[in-house]
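# Chain and residue survey
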Amino acid sequence: MTVYFIGAGPGDPELITVKGQRLIRQCPVIIYAGSLVPPAVLEGHSASHVINSAELHLEQIIETMRQAHANGQDVARVHSGDPSLYGAIGEQIRHLRELGIDYQIIPGVTATAASAALLGCELTLPGVAQTVILTRYGDSSPMPAGEQLADLARHRSTLAIHLGIRNLARIVEELLPHYGAQCPIAVVHRATWPDQDWARGTLADIVEHVARKGFRRTALILVGHVLGDAPFADSALYRASHAHLYRPGT
């Protein structure tokens, strides 16, 4: 018996791995995050038990897994995006280890990747940014030392900020000294869902743009000069003068 932590992707039911879809369709028990995972992700399943974890607390989720283990039934534990990022799987894994229950993590498409695709941009450009920092805004719970937004902003790399839309004005205020007022920023609401929407602008005007859209939750904030028209060099990989194993020099 195994508990499979499956990344369902950002919302579009087609943005799930073949392996994740196969496990959902074959596991006799499904526990899914109903507030973030669309029901269409579960289509084709043959499970005898389908449980919405949004209605449960941690101890109830673990008890469901324990019962499935006693019955020799695999569990598809379906999370949104990629379960290793803000998926709250660490606390579940801790209990499973104590109970001696096997588990596997099946990766999924992240909200960051989905948002970049929606905006039609690359998050790493030569000479502009070669680092992407995924973080969250420390409002509901404190951030560890050295991970305050101002600490991360000093790198001037591409930032993907989760759970921060309600504090957008404060976020902009903290970023301005490091990125400047004209730095591009985008706020993507429910990327890949049927009602997906986004706002693009600069640190100087994004708060106004988002206010007009009325975004309140389930939005990702992307910040960095890769979102604009900053000049950048071609990569070395496809440069004609660059030889490598698959394209030896002449």
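Everything numeric in this text was worked out from a predicted model, so none of it was measured.

Turning to the domain arrangement of the protein chain, a few remarks are in order. Here the protein chain is partitioned into domain 1 (3-106) and domain 2 (111-227). The C-alpha centroid of domain 2 is placed 29 Å from the C-alpha centroid of domain 1. Taken residue by residue, the interface counts 9 residues in domain 1 and 9 residues in domain 2. Across the interface of domain 1 and domain 2, roughly 720 Å² is buried in total on both sides, 70% from carbon and sulfur atoms. Summed over the three residues of domain 1 that lose the most area to domain 2, namely Pro10, Leu36 and Tyr86, the buried surface amounts to 63% of that side. Viewed at the interface, domain 2 and domain 1 are joined by 0 salt bridges. When the residues that make up the side of domain 1 that touches domain 2 are grouped by side-chain class, the tally is 7 nonpolar, 1 polar and 1 charged.

Taken as a whole and assessed by the stated rule, the structure comprises 1 cavity of 30 Å³ or more. Within this model, the largest cavity holds a volume of roughly 30 Å³. As for the largest cavity, its lining consists of Ser35, Leu36, Arg190, Trp193, Arg217 and Thr218.

Parameters and conventions
- Residues numbered from 1 in each chain as written.
- Predicted model: local features only at pLDDT ≥ 70, side-chain atom pairs only at ≥ 80, totals over all residues.
- Heavy atoms only, no water.
- Domains from an automatic or database assignment.
- Contact = heavy atoms within 4.5 Å.
- Buried area = accessible area lost by both parts, 1.4 Å probe.
- Salt bridge = Lys/Arg side-chain N within 4 Å of Asp/Glu carboxyl O.
- Nonpolar A, V, L, I, M, F, W, Y, C, P; charged D, E, K, R; others polar.
- 1 Å grid on protein atoms, 1.4 Å probe; cavity = no way out; pocket = protein on both sides within 12 Å on 5 of 7 lines; lining within 4 Å.
- Points joined across faces, edges and corners; volume = space filled by probe spheres on them.

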